[in-house]
Amino acid sequence: QVQLVESGGGLVQAGGSLRLSCAASGSIFSINAMGWYRQTPGNKRELVALITSGGSTNYAASVKGRFTISRDNAKNTVFLQMNSLKFEDTAVYYCAADIIATLGPNEYAYWGQGTQVTVSS
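As the structure is a prediction and not an experimental result, all values here were calculated from the model. (Residues numbered from 1 in each chain as written. Predicted model: local features only at pLDDT ≥ 70, side-chain atom pairs only at ≥ 80, totals over all residues. Heavy atoms only, no water.)

## A word on the overall build of the protein
For the record, the criterion: Per the convention used, a helix needs a DSSP run of H or I reaching at least four residues, while a strand needs a run of E reaching at least two, with both numbered from the N terminus. Each radius of gyration reported is based on C-alpha atoms, and the globular scaling rule is 2.2 Å times the count of residues to the power 0.38. Only protein chains enter the accessibility calculation, which uses a 1.4 Å probe; a residue whose area is less than 20% of its type maximum is buried, one above 50% is exposed, and one in between is partly exposed. For this analysis, residues touch if any pair of their heavy atoms sits within 4.5 Å. Accessible surface is estimated by sampling points in the Shrake-Rupley manner with a 1.4 Å probe; for residues, cover comes only from the protein chains shown. For the purpose of counting charges, residues Lys and Arg are taken to be positive, whereas Asp and Glu are taken to be negative. His and the chain ends are not included. Where a charge sits is defined by one atom per residue type, namely NZ (Lys), CZ (Arg), CG (Asp) or CD (Glu).
When helices and strands are counted, the protein shows zero helices and eleven strands. Taken from the N to the C terminus, the helices and strands of the protein come in the order β-β-β-β-β-β-β-β-β-β-β. For 121 residues, the compact-globule formula gives about 14 Å, and the C-alpha radius of gyration of the protein, at 14 Å, lands near that figure. C-alpha extents for the protein along the principal axes are approximately 45 × 25 × 20 Å. Classification of the 121 residues of the protein by burial places 40% in the buried group. Within the protein, residue pairs in contact and separated by at least 24 positions form 56% of the contacts whose partners lie at least 6 positions apart. Only carbon and sulfur atoms are counted for the fraction: they give 50% of the accessible area of the protein, which is about 6,400 Å². Mean positive and mean negative side-chain charge positions of the protein (9 and 7 charges, respectively) differ by 4 Å.

Below is the structure:
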């Protein structure tokens, strides 16, 4: 069984920083893309940032230049460094990963449970 566990959310003032972490564990054969998404009440979950197994990244326009996604492949962990936070960044942040389990052979998308990020104005 595969599990993603996020940490690092919390309350921060506008202009501040937070760093989110998400560790994948369990019967993992390989991890391809990993990403962060966010969702606010009444809205669809949206992509924040994505990183491939090779390190290529993609960001939502609203966070480009402020957020940085990175990963530690040896630890099956993805990070999201969030700087210059704005009130509108307030959301539940979810990590996701495309994982092939050891039993294989198919790749599935796994999701974390979500972590709340609240930015006070």
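## Points about the environment of Arg38
Here is the rule: Side-chain atoms alone can form a polar contact between residues adjacent in sequence; in general such a contact is a pair of N or O atoms within 3.5 Å, and within protein one must be able to donate a hydrogen while the other accepts it.
Tracing the chain through its elements places Arg38 in strand 4 (residues 28-39). Of the residues examined, Arg38 reaches a relative accessible area of 7% and is grouped as buried. In this structure the C-alpha to C-alpha distance between Arg38 and Val117, which are 79 residues apart in sequence, comes to 9.4 Å. Leave out the neighbours within four places in its chain, and Arg38 touches Lys44, Arg45, Glu46, Val48, Ser62, Val63, Phe67, Glu88, Asp89, Ala91, Val92 and Tyr93. Among the polar contacts made by the side chain of Arg38, one reaches the side chain of Glu46 at a distance of 2.7 Å. Only 3.3 Å separates the side chain of Arg38 from the side chain of Ser62, close enough to count as a polar contact.

## Points about the nonpolar core
We apply this condition: Side-chain atoms within 4.5 Å are what join buried Ala, Val, Leu, Ile, Met, Phe, Trp, Tyr and Cys residues into a set we call a nonpolar core.
With 31 residues, the main nonpolar core has Trp36, Leu80, Met82 and Tyr93 as its most contacted residues. Within the residue set of this core, elements represented by two or more residues are strand 1 (2-7), strand 3 (18-26), strand 4, strand 5 (46-51), strand 7 (67-72), strand 8 (77-82), strand 9 (91-101) and strand 11 (115-120). Counting residues per element, this core draws most heavily on strand 9, which supplies six residues. Ignoring anything within four residues of it in the chain, the contact list for Tyr93 reads Glu6, Leu20, Trp36, Tyr37, Arg38, Val48, Phe67, Leu80, Met82, Gly114, Thr115 and Val117.

## Points about the sheet that holds strand 1
So the rule is basically this: Only strands joined by at least two bridges in the DSSP assignment are considered to pair. Only the contacting stretch of a helix is used when fitting its axis, a line to C-alpha atoms as for every element, and angles between N-to-C directions run 0 to 180 degrees.
Pairing is antiparallel in the open sheet, where four strands are placed in the order 1-3-8-7. Looking at the sheet topology across the chains shown, the edges are occupied by strand 1 and strand 7. With strand direction ignored, the average angle separating the axes of adjacent strands in the sheet is 15°. Across six bridges, the pairing between strand 3 and strand 8 is antiparallel. Considered in strand 8, the bridge of Ala23 is made with Thr77.

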